[in-house]
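# Observations on the three-dimensional arrangement
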Amino acid sequence: MKVKIRNALFSDFDAVGALKKRNGLDVVWSESRWLFLWSENPVFQSIEAWPIGWVLETEEKIVGYLGNIPLRYWCQSKPLLVAASRGFAVDPEYREHTLKLIAAFYSQKTPSILLSTTANKVAAKVYKLARSEPLPYADYDESLFWVTSSVGFLSATFKHLGAPSIVARIAAFLAQPVLSIWLKLRGHGPRYRQWAGELTILRVDEIGSEFDELWQRRQVELSQTLLADRSSASLRWHFGHSGAMARQAQILVARQNESLVGYIVLTRVDSQAIGLKRYCVADLFVESDAPEVIDALLELAYTTARKNGIHMVEWVGFPERVRTRFTATAPLMRKLSSCPFWYKAIHLENLPNLDLPEAWYASLFDGDGSL
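Below you will find a few notes about this structure. Remember, it's a predicted structure, so these values are computed and weren't measured experimentally.

## With respect to the packing of aromatic side chains
- Per the counting criterion, the structure on display carries 23 aromatic pairs.
- Summarising the aromatic geometry, the rings of W34 and W38 are spaced 5.4 Å apart at their centres and angled 70 degrees between planes, so their arrangement reads as edge-to-face. With a gap of four residues between them, W34 and W38 both fall in helix α2 (residues 31-39), about one helical turn apart. Both residues of the pair, W34 and W38, count as buried.
- Between F105 and Y106, the aromatic rings sit 5.0 Å apart at their centres with planes inclined by 85 degrees, giving edge-to-face as the arrangement. In this pair, the class of F105 matches that of Y106, namely buried.
- Its guanidinium or amino end placed over the ring of F285, R218 lies 4.8 Å from that ring's centre, counting from NZ or CZ.
- Between R230 and the ring centre of F285, over which it is positioned, the NZ or CZ distance is 4.5 Å.

Below, the structure is given as structure tokens:
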């Protein structure tokens, strides 16, 4: 059957949703989650003729899709337009046509950089064929995590291994003392440290001008680093758009002398099938990467997760100087199937050497990692 490629349309919502459902992807699918990526996106609103993605279709239905999200990045105090791929899906019987979608994404000339930040093992191989490069972090294929509820974590683990719900629950209660003792002996989790500043939790709509002031200071500190836009407007869109409500973003902030000196953002990314309640660290941004402030925010993140009945807190990426504060809490680790973060530079002017780790401040905030 003949397969053709065309630009995606907002009216493709139902057909793309059906494609994702057939392929076991993005089970929580709503029109708001589809539209917010562009209609509420301040970058999309400021540019013209931006393709929202591409679809493969036969005469009968859409059989492939790749979204295209415009984002603003900064380097050397200059704005850069970046394109992030999103929602890559192709029906198995049509995967010989996958490269048509990849070619459409990678043939763009307007963006300075093309990002794919949530690639699985199969997608990573395709991005490599397109001469995209993996993020130059040696450990971006490692997920670090805290267990914040032993019973909840064990119950989800046993369900993942195939145990019926009631058996998983009983086994979790029996195994919980052993896991708790083992975690305590290894020093798992942050330690309370006295800090002179103030820690609070904000709603997304409370993100205001103090975040802009921190963002401006950090741009000066990290002038040779590629940074995703963290202005207050960008943060409110990223974590407060209509499609993000299910992620229930928690904005944990640190102030000193009435000035915002850092924040950490936790978002809900549960695994419904096994009943796992999970926070992911979507962003951590601290002035001068001050260790005492990072440690204070991590301690608040840990206690917030326990208070809210969360089973685990997961951490992916960040520069080594930041990541080492998390590794100091003796987290557990799981290996990802491949590096999920791939990039391709289109326009090299105003860009640092992207082959070097110090050129990046990479985390789930990048690309579509926490959208």
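## Concerning the sheet that holds strand β13 (residues 312-316)
- Taken together, seven strands build an open sheet; the order of strands is β8-β10-β11-β12-β13-β7-β14 and the sheet is mixed. Two strands lie at the open edges of the sheet, namely β8 (198-202) and β14 (332-335), each paired on one side alone. Averaged over all adjacent pairs, the angle separating strand axes in this sheet is 30 degrees, with direction ignored.

## So, a nonpolar patch on the surface
- Nonpolar side chains collect at one region of the surface, where I166, V167, I170 and L174 lie side by side and expose about 420 Å² of accessible area between them.
- With a relative accessible area of 58%, I166 lands in the exposed category.

## Observations regarding unusual backbone geometry
- The phi angle at E258 is positive, at roughly 65 degrees, despite the residue not being glycine.
- Note that E258 resides in the loop between β10 (250-256) and β11 (259-268).
- What makes E258 exposed here is its relative accessible area of 79%.
- Notably, S288 is not glycine yet its phi reads approximately 60 degrees, a positive angle.
- Topologically, S288 is positioned in the loop between β12 (278-286) and α9 (291-307).
- Residue classification places S288 among the exposed positions, given a relative accessible area of 53%.

## Overview of the nonpolar core
- Within the largest apolar cluster, 113 residues are counted, with the highest numbers of intra-cluster contacts made by F211, L226, I251, I264, L284, W315 and W360.
- With nine residues, α9 is the largest single contributor of residues to this core.
- Here L226 is in contact with Y73, W74, C75, L80, I113, L351, L354, A359, W360 and Y361, once residues within four sequence places are set aside.
- Counting 13 residues, the second-largest nonpolar core is a separate cluster that includes L179, I274, M312 and L332.

What counts, and where the lines are drawn
- Residue numbering note: each chain is counted from 1, following its sequence as written.
- In keeping with the predicted nature of the model, local features appear solely for residues at pLDDT of at least 70, side-chain atom pairs appear and are counted solely at 80 or more, and the whole-chain, interface and lining totals rest on all residues.
- For the side-chain quantities, the full set of heavy atoms in the structure was used; hydrogens and water were omitted.
- Two aromatic rings, drawn from Phe, Tyr or Trp (for Trp, its six-membered ring), form a pair once their centres lie within 6.5 Å of each other, and the interplanar angle then sorts them: stacked below 30 degrees, edge-to-face above 60, tilted otherwise.
- The way it works is that DSSP assigns letters per residue, a run of H or I at least four long becomes a helix, a run of E at least two long becomes a strand, and they are numbered from the N terminus.
- Any residue under 20% of the maximum accessible area for its type is buried, any over 50% is exposed, and the rest in between are partly exposed; the area is computed with a 1.4 Å probe on protein chains only.
- Comment: the charge-over-ring label is applied if NZ (Lys) or CZ (Arg) is within 6 Å of the ring centre and within 35 degrees of the ring normal.
- The pairing criterion for strands is at least two bridges between them, as found by DSSP.
- Fitted lines through C-alpha atoms serve as axes, helices being fitted only where they are in contact, and the angles separating the N-to-C directions of these axes extend from 0 to 180 degrees.
- For patches, a residue must show more than 30% relative accessible area and have no salt bridge; joins then use 9 Å for like charges and 5 Å for nonpolar side chains, namely Val, Leu, Ile, Met, Phe, Trp and Tyr.
- Accessibility throughout is a Shrake-Rupley quantity obtained with a 1.4 Å probe, and a residue counts as covered only by protein chains that appear here.
- We count a salt bridge whenever a side-chain nitrogen from Lys or Arg sits within 4 Å of a carboxyl oxygen from Asp or Glu.
- To form a nonpolar core, buried Ala, Val, Leu, Ile, Met, Phe, Trp, Tyr and Cys residues must be joined to one another through side-chain atoms within 4.5 Å.
- Every residue pair with non-hydrogen atoms within 4.5 Å of one another is taken to be in contact.

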